[in-house]
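# Geometric and topological summary
Spelled out, the chains give:
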Amino acid sequence: MTASPSLANQINDLLPQTQCTKCGYSGCRPYANAVANGTASYNQCPPGGWQGISRLASLLNKPVIPLNPVNGVERARPRAVINENLCIGCTLCIKACPVDAIVGAPKQLHTVLADWCTGCDLCVSMCPVNCIKMIPVTIIDTGWDAWSPQQALESRHRHEQRNIRLMEERDKAKQRAATRRAILTQIPPTLESTAPLSTTSAGSLEARPIALSKNYTDAQKKAIIEMAVSRARKKKEEQTSQEIRLHNTSDVSLVTRSKIDALKAQQQRLNWARDNRVQSDPSCLLKPRRNNSDPDAG
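Residues numbered from 1 in each chain as written. Predicted model: local features only at pLDDT ≥ 70, side-chain atom pairs only at ≥ 80, totals over all residues. Heavy atoms only, no water.

## Quick notes on the overall build of the chain
Under the convention used in this document: To qualify as a helix, a DSSP run of H or I must reach at least 4 residues; to qualify as a strand, a run of E must reach at least 2; elements of each kind are numbered from the N terminus. Whether two residues are in contact is decided by their heavy atoms: any pair within 4.5 Å suffices. Each accessible area is a Shrake-Rupley estimate made with a 1.4 Å probe; only the visible protein chains count as cover when residues are assessed.
Counting secondary structure elements, the chain contains nine helices and four strands. Helices and strands appear in the chain in the N-to-C order α-α-α-β-α-β-β-α-β-α-α-α-α. Intrachain contacts of the chain at a sequence separation of at least 6 include 59% that bridge at least 24 residues. Just so you have it, the chain exposes about 20200 Å², and 55% of that area is on carbon and sulfur atoms.

Have a look at this one:
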């Protein structure tokens with residue numbers, strides 16, 4: 001016998017999963033938890049509208065009440081559109097989108113996946129050049145008339161996957177920072193042995209702090225280089241241990257496939273040349289990259 005879903009799960013199943021935060025919470029799931037424990041009312045979801053309130057009222061055995069105007073108004077479902085002539089590629093809208101419906105790269109044009117956009121409005125306020133507009137998808141349909149259960153299910157899945165990815169990225173960043181701190185904390189005890197200075201003269205006493213500082217800086221650079229080389233070696237081993245396959249290439253023409261093979265071969269040559277350069281001169285990892293646009297560059 002399977003256990004019945006909790007009240008919070010049942011409430012979450014009745015929400016549109018737009019993750020718009022208009023309810024006053026960071027997403028549909030936190031709002032469902034708040035309604036279940038009585039800290040939030042069931043009339044705070046504008047995307048669900050009157051139909052959403054009716055569904056929650058039926059589940060909670062409570063009367064149907066109007067939407068709280070503090071949280072917004074019921075409206076036709078919109079979606080975001082980016083003006084390509086104004087977009088500067090800042091990626092702020094990508095970070096704000098709760099369902100990964102915006103794709104792009106730094107300093108490149110971004111675009112919105114129309115079928116994925118939930119109309120949450122969160123990207124609009126983040127754009128520094130005001131190049132994002134919300135346009136209506138439906139004319140008069142609002143609430144669940146404008147948003148299907150299948151769309152809500154897919155939106156919830158994308159939001160959950162995004163949260164998992166962000167958590168993994170934060171964990172990896174913390175691990176890298178902890179590794180860096182652990183390496184650097186091992187440097188100071190070796191300074192005395194690497195810079196033995198005589199204290200018999202005033203000149204030596206004055207030179208001692210400078211020498212210790214220089215040795216500490218050199219040791220830091222060496223530790224950073226060793227860490228970067230180790231990370232690059234580990235990444236290379238991971239890439240060679242599992243074959244990297246390109247997606248969506250099963251139906252391409254022979255001409256296109258030959259171009260793909262040529263690009264892969266070129267990338268392999270570049271990786272080989274880079275690895276050889278790092279092995280012969282590890283300090284190149286600390287050298288600033290040359291700006292090709294600099295007229296004074298050699």
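Once you've had a look at it, read on.
## Overview of the environment of Ala 96
As a reminder of what qualifies: A 1.4 Å probe rolled over the protein chains alone gives each residue an accessible area, and that area as a share of the maximum for its type sets the label: buried under 20%, exposed over 50%, partly exposed in between.
The residue Ala 96 is located in helix 4 (residues 92–96) in this model. Residue classification places Ala 96 among the buried positions, given a relative accessible area of 18%. Considered as a pair, Ala 96 and Cys 127 are 31 residues apart in the sequence and their alpha carbons are 9.7 Å apart. Ignoring anything within four residues of it in the chain, the contact list for Ala 96 reads Leu 122, Cys 123 and Met 126.

## Regarding a positive patch on the surface
For clarity, the cut-off: Each patch groups residues whose relative accessible area exceeds 30% and which form no salt bridge, using 9 Å between like charges and 5 Å between nonpolar side chains of Val, Leu, Ile, Met, Phe, Trp and Tyr. A carboxyl oxygen of Asp or Glu within 4 Å of a side-chain nitrogen of Lys or Arg is what we treat as a salt bridge. Under the convention used here, Asp and Glu are negative, Lys and Arg are positive, and both His and the chain ends fall outside the count. A charged residue contributes its charge at one atom only: NZ of Lys, CZ of Arg, CG of Asp or CD of Glu.
A cluster of basic residues, Lys 172, Arg 176, Arg 180 and Arg 231, forms a positive patch on the protein surface. By residue number, the principal contributor to the positive patch is helix 6 (residues 149–184), which donates three residues. Mapped onto the fold, Arg 176 is located in helix 6. On the basis of relative accessibility, which here comes to 47%, the residue Arg 176 falls in the partly exposed class.

## Remarks on the pairing of strand 1 (residues 78–82)
What counts here: Pairing between two strands is assigned when DSSP locates at least 2 bridges connecting them.
Burial along strand 1 is one-sided: Pro 78, Ala 80 and Ile 82 are buried, while Arg 79 and Val 81, pointing the other way, are not. Of the strand pairs in this sheet, strand 1 and strand 4 (residues 132–136) are connected by five bridges, and their pairing is antiparallel. Its bridge partner lying in strand 4, Val 81 is registered against Lys 133.

## A closer look at the pattern of salt bridges
Inspection of the entire model under this criterion finds six salt bridges. For Asp 100, the salt bridge is made with Arg 162, and the minimal N-O distance between the two is 3.6 Å. Of this pair, Asp 100 sits in the loop between helix 4 and strand 2 (102–103) while Arg 162 is found in helix 6, placing the two residues 62 residues apart along the sequence. Exposure remark for Asp 100: the relative accessible area of 21% places this residue in the partly exposed category. The buried category is assigned to Arg 162, whose relative accessible area is 11%. One network of salt bridges, in which partners are shared, links Asp 100, Arg 162, Arg 165 and Glu 169.

## Topic: a nonpolar patch on the surface
The grouping of Leu 86, Ile 88 and Val 129 at the surface amounts to a nonpolar patch, some 230 Å² of accessible area in total. Here Val 129 lies in the loop between helix 5 (122–126) and strand 4. Residue classification places Val 129 among the partly exposed positions, given a relative accessible area of 32%.

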